[in-house]
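Fold and contact review
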There are 2 protein chains.
Amino acid sequence: MTERKSTIALIQMRCGPEPEKNFTRATEFIREAAAQGAKIVCLPELFRSQYFCQAEDHKNFDLAEEVPGKSTAALGDVARKTGAVIIASVFEKRSAGVYHDSAAIIDADGGLLGKYRKMHVPDDPLYHEKFYFAPGDLGFQAWQTTHGKIGVCVCWDQWYPEAARLTALRGAEIIFYPTAIGWHPSEKKEFGLAQHSAWETIQRSHAIANGCYVAAANRVGHEAPAGGDGIEFWGQSFICGPDGKIIAKGSVDREEIVTADVEWDRVNEHRTHWPFLRDRRVDAYAGLEKRMID
Amino acid sequence: MTERKSTIALIQMRCGPEPEKNFTRATEFIREAAAQGAKIVCLPELFRSQYFCQAEDHKNFDLAEEVPGKSTAALGDVARKTGAVIIASVFEKRSAGVYHDSAAIIDADGGLLGKYRKMHVPDDPLYHEKFYFAPGDLGFQAWQTTHGKIGVCVCWDQWYPEAARLTALRGAEIIFYPTAIGWHPSEKKEFGLAQHSAWETIQRSHAIANGCYVAAANRVGHEAPAGGDGIEFWGQSFICGPDGKIIAKGSVDREEIVTADVEWDRVNEHRTHWPFLRDRRVDAYAGLEKRMID
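Everything numeric here is computed off the predicted structure, so don't read it as measured data. (Residues numbered from 1 in each chain as written. Chains lettered and ligands numbered in written order. Predicted model: local features only at pLDDT ≥ 70, side-chain atom pairs only at ≥ 80, totals over all residues. Heavy atoms only, no water.)

Moving on, we come to the relation of the copies chain A and chain B. Rotating chain A by 180 degrees about the axis while translating it 0.0 Å along that axis superimposes it on chain B, leaving an RMSD of 0.0 Å. Such a combination of turn and shift is consistent with a two-fold rotation axis. When you check the interface residues of chain A against chain B, 100% turn up at the interface there too, and the contact is symmetric in its surfaces. (Least-squares fit on C-alpha atoms with pLDDT ≥ 70 in both. Contact = heavy atoms within 4.5 Å.)

Quick look at the structure:
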């Protein structure tokens, strides 16, 4: 049904102040990736704009759009013409006053196969996402695309083993993470290395725990749309195998298409050698649904 | 109540064919660690014997003992005299035909504070643990010791984010992992690096996900008690901070006491800066109690 091997691609891109330019450039990157053989292409989180969550500004809600909507229709055309599955992060307007940080999963025929709404929403200095995004209510999912069964989580979700586990239990053999993460310039010297290492480590651990591929697409470049020091997005988009080993990785400061070949049979082979899913104590996980057990 | 800072120690030791000699050496290591200032000392998994699970042999059940029993009584004396909390892995005989891979938590006053029974039990070539050990039935716990609140899981548990999460949700600020893991000599060249990296990575990820310390005590040396190629235990016991950064690490082939200072306040400080526990979607984790969601 699916190929034995598929090239996947992460679009590591800069995002400027003009949404339509970002969108056009994203489609150009997708076409280029597809021309290189990519069958599944993932864009970074909220690629259509600069990372507006650095400030709480009601005007930014004007950036939102419906899903399905204008962006998914245009990307559907690109998918159909290139034959690539596209994972596109969209600032979704669901209704008046209800917005989500969503991802559209567009199949190779151009149809909207599914939608994920970011489940874990952060609120940190310069990452004021709880102001903009309601928590997702579609749960953790997996989709059978033309080229393989995949799951999608978004950015802050990557810190949560529960998100990766539930996505894998639904059958995802690759978990994609559209991401927008970087350094506060004032913190970078003291904490930058540990922050990036933790980010990479925990996503590699999701591959290990679940015996699947993990692919994280991050943006790159410095952005300060609200003034101040802004954020230096750390790039380093990567793809790792079911053993957690990184098989492709982008630079820290350049736009690029990060590609790797996914061998779908490796998920099954790997899980028979590292049989973690076999031994889960599904009878003993009560309490995971609590904030603390106190 | 607890100290602001405590030295903890992992005993990375070889285990020979004579249980009483191993036990005596373990107590010597604990005394030495305590003399160096260690307040919590963790022994490796099943340190009293060679790793007998390499073969299925009914005679090995004779190695088991009760908890509380002879070993915990003798270690209680060591704890009381040194003032150190001791985490001791014991092959527990619970009743005729019911055995566990357990860990005794002995407080600084010598009393048996608690018991953990390994929840996730593996069965792999040369790791025939399902033959020997019934799955644990005491769940994931944390204990307030004289020197701080800790949790204990055992070896194969380390591959399960659920185990670390539940232990942390119960308040553990350090999760200890008595461990016996190594390479099949015939696989080491091809897979050894990835296997060790995955083991270290996933435990670091538990520290990151939960904002706590993680400390894994592994044995070292080559053992082939059942003949054949045996297992080369890979040592490299380590302690990492709440950001996942390794702060102490043992060698791959030598006995040693691996120590680090734990700053208890750092758990709280770290979790306010990396507020992952705040944002868990406790309303949306249904399915974690299933083997697969299919």
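Next comes the rest of the write-up.
Now for the packing of helix α4 (residues 161-169) of chain B against helix α5 (residues 185-210) of chain B. All names here are of chain B. Taken N-terminus to C-terminus, the directions of α4 and α5 make an angle of 40 degrees; their axes are 10 Å apart at the nearest point. With respect to each other, α4 and α5 are oriented oblique. α5 is crossed by α4, and the crossing has right-handed handedness. Mapping the contact onto sequence places P161, A164, R165 and A168 in α4 and H206, A209 and N210 in α5. A breakdown of the residues in the contact of α4 with α5 according to their chemical character gives four nonpolar, two polar and one charged. (Axes fitted to C-alpha atoms, helices over the stretch in contact; angles between N-to-C directions. Helix = DSSP H or I, 4+ residues; strand = E, 2+ residues; numbered from the N terminus. Parallel < 35°, antiparallel > 145°, perpendicular 65-115°, else oblique. Left-handed = near helix turned anticlockwise from the far one by under 90°. Nonpolar A, V, L, I, M, F, W, Y, C, P; charged D, E, K, R; others polar.)

Okay, the packing of aromatic side chains next. Under the criterion given, the structure shown has 48 aromatic pairs over all chains. Taking the ring centre of F233 of chain B as reference, the NZ or CZ of R219 of chain B above it sits at 5.4 Å. (Phe/Tyr/Trp six-rings, centres within 6.5 Å; stacked < 30°, edge-to-face > 60°. Lys NZ or Arg CZ within 6 Å of the ring centre and 35° of its normal.)

Examined bridge by bridge, strand β9 (residues 182-183) of chain B and strand β12 (residues 231-234) of chain B share two bridges and lie antiparallel to one another. Bridge pairing in β12 of chain B places G182 of chain B opposite F233 of chain B. (Pairing = 2+ DSSP bridges.)

Take the pattern of salt bridges next. When charged atoms on two side chains of opposite charge get close, those side chains can pair. Counted according to the given criterion, the structure contains 50 salt bridges over all chains. For the salt bridge of D77 of chain A with R80 of chain A, the shortest nitrogen-to-oxygen distance reads 2.4 Å. Of the two residues, D77 of chain A and R80 of chain A both sit in helix α2 (residues 70-82), three residues apart, roughly one turn of that helix. Residue classification places D77 of chain A among the partly exposed positions, given a relative accessible area of 33%. The closest approach of N and O atoms between E45 of chain B and K118 of chain B, which form a salt bridge, is 2.8 Å. (Salt bridge = Lys/Arg side-chain N within 4 Å of Asp/Glu carboxyl O. Buried < 20%, exposed > 50% of the residue type's maximum accessible area, 1.4 Å probe, protein only.)

What follows covers the pairing of strand β14 (residues 246-249) of chain B. Residues and elements named next belong to chain B. The pairing of strand β13 (residues 238-240) with β14 spans three bridges and is antiparallel. Among the inter-strand pairings, I239 is bridged to a residue of β14, identified as A248. Here β13 folds back onto β14 in antiparallel fashion, the turn holding five residues, of which G244 has a positive phi close to 85 degrees.

What follows concerns the interface of chain A and chain B. The parts lose accessible area when they come together, and the size of an interface is often stated as this lost area. With 52 residues of chain A at the interface, the matching set in chain B holds 52 residues. Between chain A and chain B, the buried area comes to about 4900 Å², and carbon and sulfur atoms account for 60% of it. In this structure, K130 of chain B and D279 of chain A form a salt bridge, with 2.7 Å as the shortest nitrogen-oxygen distance. Where chain A meets chain B, there are 33 residue pairs in polar contact (both at pLDDT 80 or more). Of all the secondary structure elements, the ones that give two or more residues to the side of chain A that touches chain B are α4 (161-169) and α5 (185-210) of chain A. The element contributing the most residues to the side of chain A that touches chain B is α5 of chain A, with ten residues. Partitioning the side of chain A that touches chain B into residue classes produces 28 nonpolar, nine polar and 15 charged. (Buried area = accessible area lost by both parts, 1.4 Å probe. Polar contact = N/O pair within 3.5 Å; in protein donor to acceptor, adjacent residues only side chain to side chain.)

Turning our eyes to something else, we now look at the nonpolar core. The biggest cluster of nonpolar side chains holds 152 residues, and the ones touching the most others in it are W159, I174 and F176 of chain A together with W159, I174 and F176 of chain B. With residues up to four places along the chain from it excluded, the contact list for W159 of chain B reads I208, A209, W274 and F276 of chain A together with I181, Q195, A198, W199 and I202 of chain B. (Core = buried A, V, L, I, M, F, W, Y, C linked by side-chain atoms within 4.5 Å.)

So, about the side chain of E92 of chain B. All names here are of chain B. Secondary-structure assignment places E92 in strand β3 (residues 85-95). You can call E92 buried: its relative accessible area is 2%. A distance of 2.9 Å separates the side chain of E92 from the side chain of R117, its partner in a polar contact. Beyond its immediate chain neighbours, meaning those up to four positions away, E92 contacts A64, E65, V67, V98, Y99, H100, S102, K115 and R117.

Residues and elements named next belong to chain B. Here six strands make up an open sheet; going across it, the order is β6-β7-β8-β10-β13-β14 and the pairing mixed. Single-partner strands in this sheet number two, and they are β6 (143-145) and β14. Averaged over all pairs of adjacent strands, the angle between their axes in this sheet comes to 25 degrees, without regard to strand direction. In the sheet, β6 pairs with strand β7 (residues 148-152) via three bridges, with the strands oriented antiparallel. Each residue of the ladder has a partner; that of Q144, found in β7, is K149.

The omega torsion of the bond from V67 of chain A to P68 of chain A falls at 5 degrees, within 30 degrees of zero and hence cis. Structurally, P68 of chain A is set in the loop between β2 (38-42) and α2. The backbone of C155 of chain B sits at a positive phi, close to 40 degrees, despite the residue not being glycine. Along the chain, the position of C155 of chain B falls in the loop between β7 and α4. Accessibility expressed as a relative area gives 8% for C155 of chain B, which makes it buried.

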